[in-house]
Amino acid sequence: MTRTPDQGASGDGTADPARPETSGEGRAPAQDPSRDLTGAPVRPARRNPDADPDREQSRSAGASLRFGYGTNGLADLRLDDALALLADLGYDGVGLTLDHMHLDPLAPDLAARTRRVAHRLDALGLGVTVETGARYVLDPRRKHGPSLLDADPDDRARRAGLLVQAVRVAADLGAHAVHCFSGVVPDGTDEDTAWKRLAETLTPVLDAATAAGIPLAVEPEPGHLLATLADFHHLRRTLGDPEPLGLTLDIGHCQCLEPLPPADCVRDAAPWLRHVQIEDMRRGVHEHLPFGDGEIDFPPVLAALAATGYQGLTVVELPRHSHAGPHFAARSLPFLRRAAASAAPHGDPSVTPEGSRTP
């Protein structure tokens, strides 16, 4: 299998994530929605009137998709400011990356902080998926380290502990899934050993997901052990097809690496789809691009996604554009709404226009 270099998503910390601080007792009684995450008064977010025409047009055309934006693309904003921005722009939800600048999974009082975020999401009307792609949240010197594939079992347990923590945070937030990925195969490790480590290390995470009723959505990531849809199915069969194991489908990764066009990938992935990330991309280049800067023809992709009946969030994934995050958040939603609306008259969503085919 040809693997492209990992360019990944977007912390540091020293506490042991295997010792969760979340209470498991769900949400606390509702707090004043006019207060932000620090308890200070805020002006309630207003829906951006410029976004509403696209929203209404797409829904009147029969679109059922719910769009979100990832906080890893808003890393220069305080979390409360990021959530208020997304609500004001008209987004349906947020892909919340657990990281030091937002909801830090390693800092003290995680349970109380999670409850405050849950109240704020409720007040703003935002759905949420918990994402775990923070670059340095466990190791300040090693991107995405330690991973589920590391040779040291204690290191693998640290990553598994973070994912268990993420499952509990997701349950307290009312999230619809927890996203994760396999990691890169370490130097000197053969792939058979790596697959065995992945399956073994994910087992306690899947147990936690089962207990919490939260799907674990594994993402095929270019350059990682689990890089393609075929790799996801290999893991699923290895684990015996456990019920909580689902799929994060990144539409750009389909364009980058998969043999089929992105719309066909959506249809093939439909039974296991638990989370969707979306951005533009070019064939063979793992670079997350703003919409219109890559090669993807989005109306057929969104038509295929709507036809699956997928009910989760479709989250814009632009982690390398945080320097202009509000700008790209404002641009992305109208683009997606127009693409969803224009997909509706196409008729049979199984027809993939030539423009969406990879070269």
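Only a predicted model underlies this, so the values are computations on that prediction, with no experimental measurement involved. (Residues numbered from 1 in each chain as written. Predicted model: local features only at pLDDT ≥ 70, side-chain atom pairs only at ≥ 80, totals over all residues. Heavy atoms only, no water.)

Caption draft 1: Expanded view of the pattern of salt bridges. Overall, the coordinates contain 7 salt bridges when judged by the stated rule. Each member of the salt-bridge network shares a partner with another, and the members are Asp139, Arg142 and Asp150. (Salt bridge = Lys/Arg side-chain N within 4 Å of Asp/Glu carboxyl O.)

Caption draft 2: A look at helix H8 (residues 262–269). Among the 8 residues of H8, 6 are classified as buried, and the element is accordingly described as predominantly covered. Listing the buried residues of H8 in full gives Pro262, Ala263, Asp264, Cys265, Val266 and Ala269. Check the buried side of H8 and you find it contacts helix H6 (229–238), strand E6 (245–250), helix H7 (251–257), strand E7 (273–278) and helix H9 (298–307). (Buried < 20%, exposed > 50% of the residue type's maximum accessible area, 1.4 Å probe, protein only. Helix = DSSP H or I, 4+ residues; strand = E, 2+ residues; numbered from the N terminus. Contact = heavy atoms within 4.5 Å.)

Caption draft 3: Representation of helix H5 (residues 191–212). For H5, built from 22 residues, the straight-helix expectation of 32 Å at 1.5 Å per residue is met to within 8% by its first-to-last C-alpha distance of 31 Å. Along its length, H5 reaches its greatest deviation from straightness, about 35°, at Thr203, and the proline Pro204 lies no more than four positions downstream. In this fold, the buried residues of H5 make contact with helix H4 (153–173), strand E5 (216–218), H6 and E6. Its side-chain oxygen 3.1 Å from the backbone nitrogen of Asp192, Asp190 forms the N-cap of H5. Gly213 sits one or two positions beyond H5 and adopts a positive phi of about 70°. (Expected span 1.5 Å × (residues − 1). Bend = angle between axes of the 7 residues up to and from the residue. Polar contact = N/O pair within 3.5 Å; in protein donor to acceptor, adjacent residues only side chain to side chain.)

Caption draft 4: Highlighting the packing of aromatic side chains. What the rule picks out here adds up to 4 aromatic pairs. An angle of 70° between the planes, with centres 5.8 Å apart, marks the rings of Tyr69 and Tyr91 as edge-to-face. Here Tyr69 is found in strand E1 (residues 66–70), whereas its partner Tyr91 is found in the loop between helix H2 (79–89) and strand E2 (93–97), with 22 residues between them in sequence. There is no split in this pair, since Tyr69 and Tyr91 are both buried. An angle of 10° between the planes, with centres 5.0 Å apart, marks the rings of Phe291 and Phe335 as stacked. Separated by 44 residues along the polypeptide, Phe291 in the loop between strand E9 (285–289) and H9 and Phe335 in helix H10 (residues 325–343) bring together distant segments of the chain. In this structure Phe291 comes out as buried when scored by relative accessible area, which is 7%. For Phe335, a relative accessible area of 23% translates into the label partly exposed. (Phe/Tyr/Trp six-rings, centres within 6.5 Å; stacked < 30°, edge-to-face > 60°.)

Without other data, these values stay purely geometric and don't point to any function.
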